[in-house]
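Each chain, letter by letter, is given below.
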Amino acid sequence: MKAIIVCTSISHGNTKRIADIMGQVLDARVVAPEQVDMADLATYDLVGFGSGIYLGSFHPQLRQFVRSLPEQQRGRAFVFATSGFPDAVPHSFSRPLVRLLGQKGFETLDAFSCRAWDTYLPFKLVGGIRKGRPNATDLESARAFAEGLRARISTTP
Ligand SMILES: Cc1cc2nc3c(=O)[nH]c(=O)nc-3n(C[C@H](O)[C@H](O)[C@H](O)COP(=O)(O)O)c2cc1C
């Protein structure tokens, strides 16, 4: 299986920590959007897309990258995020990215998110919230998530 992870991690490197664990399990490089060769992307069996959440959405750099992809039949994808608050309806942050990936020809297999140190302005005054996260349990959840993906990819053609 050939996998790659596209990750924008700007604020505290929270999402990069999650991406690195997933990358170990999937034997995948973790790259920023500007490091991706668009033509090369079609050659992967699995592509991960992740970032922190900003005002309810994935980071603009990641969303812009996905928007810029040509529409064509592609492989499978997964999305992941770190955020102060959970990914919950009706304000799900994963759904719009999954929809956009679908428009670009990706089948999104699953979504992962965990809480992480959040220093959005109102919380910055008190040193932020979710300090210390992602913690060991979050990293273990990310590992288990990636192992599940690896198993699915290797058993379904
Ligand atoms: C300007 C700003 C806006 C944010 N907006 C949200 C938000 O809408 N929802 C949320 O759950 N977390 C929000 N956060 C918290 C980030 O998603 C969280 O810190 C994330 O782990 C950052 O990821 P990174 O360190 O990989 O960039 C915000 C943080 C900042 C600095």
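Chemist: Mind showing me how you'd approach the layout of surface pockets here?
Modeler: Gaps between atoms show up when a probe of the same size as a water molecule is rolled over them. Estimated volume of the largest pocket: approximately 480 Å³. Ile53, Tyr54, Ser83, Gly84 and Asp118 are, among the 26 residues lining the largest pocket, the residues nearest its centre. Of all elements in the fold, only helix 1 (14–26), strand 3 (46–54) and strand 5 (76–83) reach the threshold of two or more residues within the lining of the largest pocket. Per element, the largest residue contribution to the lining of the largest pocket is three residues, and it comes from strand 3. Class assignment for the residues of the lining of the largest pocket results in 11 nonpolar, 14 polar and one charged.

Chemist: Please explain the pattern of salt bridges as it appears in this structure.
Modeler: Opposite charge on two side chains allows them to pair when their charged atoms are near. Within the structure shown, the criterion is met by three salt bridges. A salt bridge links Lys16 to Asp20; the shortest N-O distance between them is 2.9 Å. Taken together, the residues span about one helical turn, with Lys16 and Asp20 both in helix 1 at a distance of four residues. The exposure class assigned to Lys16 is partly exposed, which follows from its relative accessible area of 35%. Across the pair Arg143 and Glu140 runs a salt bridge, and its minimum N-O distance is 3.7 Å. One end of the pair, Arg143, and the other, Glu140, are both in helix 6 (residues 136–155), three residues apart, so they sit about a helical turn from each other. Residue classification places Arg143 among the partly exposed positions, given a relative accessible area of 26%. By relative accessible area, which is 46% here, Glu140 ends up partly exposed.

Chemist: What exactly am I supposed to notice about the packing of aromatic side chains here?
Modeler: Geometry of an aromatic ring pair is reported as the spacing of the ring centres plus the angle between the planes. The tally for this structure, following the rule as stated, stands at seven aromatic pairs. When the centroid spacing of 5.4 Å and the interplanar angle of 75° are considered together, the rings of Phe49 and Phe106 count as edge-to-face. In this pair, Phe49 sits in strand 3 while Phe106 sits in the loop between helix 4 (94–103) and strand 6 (107–115), placing the two residues 57 residues apart along the sequence. Here Phe49 and Phe106 have matching classes, each one buried. Following the ring pairs from residue to residue traces out a cluster consisting of Phe78, Phe80, Phe112 and Phe145. Sitting above the plane of the Tyr44 ring, Lys2 keeps its charged end 4.4 Å from the centroid. The aromatic ring of Phe85 is capped on one face by Arg130, whose charged end is 5.0 Å from the ring centroid.

Chemist: Looking at this structure, how should I read the environment of Cys114?
Modeler: Within the secondary structure, Cys114 sits in strand 6. Under the relative-accessibility criterion, Cys114 is labelled buried at 5%. Between the C-alpha atom of Cys114 and that of Asn14, which follows or precedes it by 100 residues, the distance is 9.8 Å. Among residues more than four places away in sequence, those in contact with Cys114 are Ile18, Ala81, Thr82, Ser83, Pro134 and Asp138.

Chemist: For this particular structure, what's the right way to read the environment of Phe93?
Modeler: Mapped onto the elements, Phe93 comes out in the loop between strand 5 and helix 4. The spacing of Phe93 and Leu46 is 47 residues in sequence and 21 Å in space, taken between C-alpha atoms. Discounting chain neighbours no more than four positions away, the residues touching Phe93 are Ile53, Gly56, Phe58, Ala81, Ser83, Phe85, Pro86, Asp87, Ser113 and Arg115.

Parameters at a glance
Residues numbered from 1 in each chain as written. Predicted model: local features only at pLDDT ≥ 70, side-chain atom pairs only at ≥ 80, totals over all residues. Heavy atoms only, no water. 1 Å grid on protein atoms, 1.4 Å probe; cavity = no way out; pocket = protein on both sides within 12 Å on 5 of 7 lines; lining within 4 Å. Points joined across faces, edges and corners; volume = space filled by probe spheres on them. Helix = DSSP H or I, 4+ residues; strand = E, 2+ residues; numbered from the N terminus. Nonpolar A, V, L, I, M, F, W, Y, C, P; charged D, E, K, R; others polar. Salt bridge = Lys/Arg side-chain N within 4 Å of Asp/Glu carboxyl O. Buried < 20%, exposed > 50% of the residue type's maximum accessible area, 1.4 Å probe, protein only. Phe/Tyr/Trp six-rings, centres within 6.5 Å; stacked < 30°, edge-to-face > 60°. Lys NZ or Arg CZ within 6 Å of the ring centre and 35° of its normal. Contact = heavy atoms within 4.5 Å.

None of this, on its own, says anything about what the molecule does.
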